[in-house]
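Structural overview
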Amino acid sequence: MSETVEKIQAIEANAASAIGAAETLAELEDARVRYLGRKAELNDILKSIATLPAEEKGPVGKAGNQTRGKLEQLLAARQESLETAELNQLLEQDRLDISLPGSPAIGGGSLHPISRTRREIEDVFIGMGYQVAEGPEVEKVHYNFDALNHSPNHPAREWTDTFYFQDDVLLRTHTSPVQIRVMEQQPPPVFVIVPGKVYRRDSDATHTPMFHQIEGLAVDEGITLTDLRGTLLEFSKAIFGDQREVRLRPHFFPFTEPSVEVDVSCFKCGGKGFLKDGARCNLCKGTGWIEILGAGMVDPNVFSYVRESGYDPETVQGFAFGMGVERIAFLKHGIPDLRLFYENDLRMLGQFESFGISSGGRV
Ligand code: DAH
């Protein structure tokens with residue numbers, strides 16, 4: 001037997017034992033590169049066949065090719081068994097014992113009472129055909145005050161009451177500026193409500209520097225104060241109970257004329273002013289009425305700012321109203337201090353889990 005053929009047999013024996021000894025796919029790959037790779041000794045031998053004496057060429061070529069074929073088979077077989085072993089090990093590690101007891105239940109979250117109240121109010125107006133509109137919290141003085149007919153020296157313009165960024169840019173102090181923005185965007189008729197955050201320099205048990213309002217605006221031909229009253233009566237019944245009545249008291253707002261404050265008959269004492277035991281009702285302070293919002297007929301001066309979008313004060317009329325969401329929520333739930341809404345104490349917030357109508361699938 002030629003020396004070269006013996007060498008090939010030795011290579012085969014070494015390679016076979018290296019393949020058999022490989023414990024991982026990585027080790028097996030090392031063995032493959034070492035014995036069958038481009039730089040492997042067997043490869044060199046096969047390449048040098050042309051230079052061998054004629055009588056050796058045949059036997060060396062045959063032995064070399066046989067060895068290569070055999071090693072390829074051994075590699076494939078070993079690879080398959082290592083892969084199976086690795087998979088089995090993974091399956092073993094990931095095995096779940098579904099009979100083990102579970103970890104304690106994680107309590108579900110709930111909507112913040114302000115969000116719930118806002119949605120409840122929105123749903124009442126959506127049911128009457130209103131659309132929901134929004135506007136920016138960082139607002140121009142033009143929209144927040146000027147176009148809403150505030151006189152140049154109106155006290156709400158003071159920096160002591162209002163957060164300013166620049167002379168003409170501020171954090172909106174109410175949702176009313178969105179009235180103007182909506183009317184700029186669409187001609188009458190318009191029926192919208194505008195929920196949103198508003199900001200004022202105020203902080204005590206009944207005022208927080210940020211709070212929520214919902215604005216309403218209805219503009220069409222022939223809208224009257226009676227429409228406003230009927231709309232707010234329906235709203236009050238939906239939120240505070242079927243037996244409610246409303247009353248309108250004269251007031252002043254720059255952007256409405258006439259302006260009113262709206263009271264709802266007290267839902268604690270039924271409007272009587274005293275409770276069953278004869279004690280004075282502490283919710284309405286014995287008056288039988290509770291103030292819930294401001295409203296009025298849109299001032300023609302306001303329409304004149306949006307005349308170009310189709311609001312001719314001679315042909316369209318409208319009513320507007322604005323309410324504080326926190327105020328509605330605290331009246332309804334007898335919460336003594338507005339700041340409780342923002343302290344995020346779950347013992348307080350958790351009490352509202354089942355309050356109100358469904359979220360309608362919204363989050
Ligand atoms: N913007 C008023 C406020 O913040 C509330 C308000 C009153 C809104 C009367 C209105 C309205 O639309 O007609 O106090």
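Position numbers for residues start from 1 in each chain and track the written sequence from start to end. A pLDDT threshold of at least 70 governs which residues receive local features in this predicted model, and a stricter bar of 80 or more applies before side-chain atom pairs are shown or counted, although totals over entire chains, interfaces and linings include all residues. Hydrogens and water are ignored here; the side-chain numbers use all heavy atoms of the structure.

**Here's the deal with the sheet that holds strand E5 (residues 190-199)**
The strands that make up a sheet are held in pairs by hydrogen bonds between backbone atoms, and each pair lies either parallel or antiparallel. On the basis of which strands lie adjacent, the open sheet formed by seven strands has the order E1-E5-E6-E10-E9-E8-E7 and mixed pairing. Of all the strands in the sheet, just strand E1 (131-132) and strand E7 (246-253) have a single pairing partner and so form its edges. A pair of strands is considered paired only if DSSP assigns at least 2 bridges between the two. The numbering of helices and of strands both runs from the N terminus, where a helix is a DSSP run of H or I of at least 4 residues and a strand a run of E of at least 2. One ladder, built from ten bridges, connects E5 with strand E6 (residues 210-220); its direction is antiparallel. Paired with phenylalanine 191 across the bridge in E6 is alanine 218.

**Things to note about the side chain of threonine 173**
Among the structural elements, threonine 173 can be located in the loop between strand E4 (169-171) and helix H7 (177-185). Residue burial is assigned from relative accessible area. The probe radius is 1.4 Å, only protein chains are included, and a residue is buried under 20% of its type maximum, exposed over 50%, and partly exposed in between. Residue classification places threonine 173 among the buried residues on the basis of a relative accessible area of 5%. Within the local environment of threonine 173, its side chain forms a polar contact with the side chain of asparagine 144, the two groups lying 3.0 Å apart. Under this definition, polar contacts are N or O atom pairs within 3.5 Å; protein pairs additionally need one hydrogen-donor-capable and one acceptor-capable atom, and for neighbouring residues in sequence, both atoms have to be side-chain atoms.

**Let's talk about the domain arrangement of the protein**
Partitioning the protein into structural domains gives domain 1 (3-93) and domain 2 (113-349). Computed over C-alpha atoms, the centres of domain 1 and domain 2 are 85 Å apart. In this entry, domain limits derive from an automatic or database-based domain assignment.

**Considerations on the pattern of salt bridges**
Think of it this way: side chains of opposite charge can pair up when their charged atoms draw near. Counted as salt bridges are all cases of a side-chain nitrogen of Lys or Arg within 4 Å of a carboxyl oxygen of Asp or Glu. In this structure the tally under the stated criterion is 13 salt bridges. Linking arginine 307 and aspartate 312 is a salt bridge whose minimum nitrogen-to-oxygen distance equals 3.7 Å. What makes arginine 307 partly exposed here is its relative accessible area of 45%. Several salt bridges share partner residues, and in doing so they unite Arg247, Arg249, Glu261 and Asp263 into one network.

**Digging into the sheet that holds E4**
The strand order across the open sheet built from three strands is E2-E4-E3, with neighbouring strands paired in antiparallel fashion. The open sheet terminates on both sides in strands that have one partner only, identified here as strand E2 (138-140) and strand E3 (164-166). Adjacent strand axes in the sheet meet at a mean angle of 30 degrees when their direction is disregarded. Where E2 lies against E4, three bridges are found, and the strand directions are antiparallel. Of the residues in E4, the one forming a bridge with lysine 140 is valine 169. To obtain an axis, a line is fitted to C-alpha atoms, over the contacting stretch when the element is a helix, and the angle between two such axes runs from 0 to 180 degrees between their N-to-C directions.

**Examining the pairing of strand E9 (residues 289-298)**
Regular strands have side chains that alternate between both faces of the sheet. Most of E9 sits inside the fold, with eight of its ten residues counted as buried. Looking at chain direction, strand E8 (residues 256-265) and E9 are connected through eight bridges and run antiparallel. If you follow threonine 256 over to E9, its bridge partner there is valine 298. One ladder, built from four bridges, connects E9 with strand E10 (residues 317-324); its direction is antiparallel. Paired with methionine 297 across the strands is phenylalanine 319, a residue of E10.

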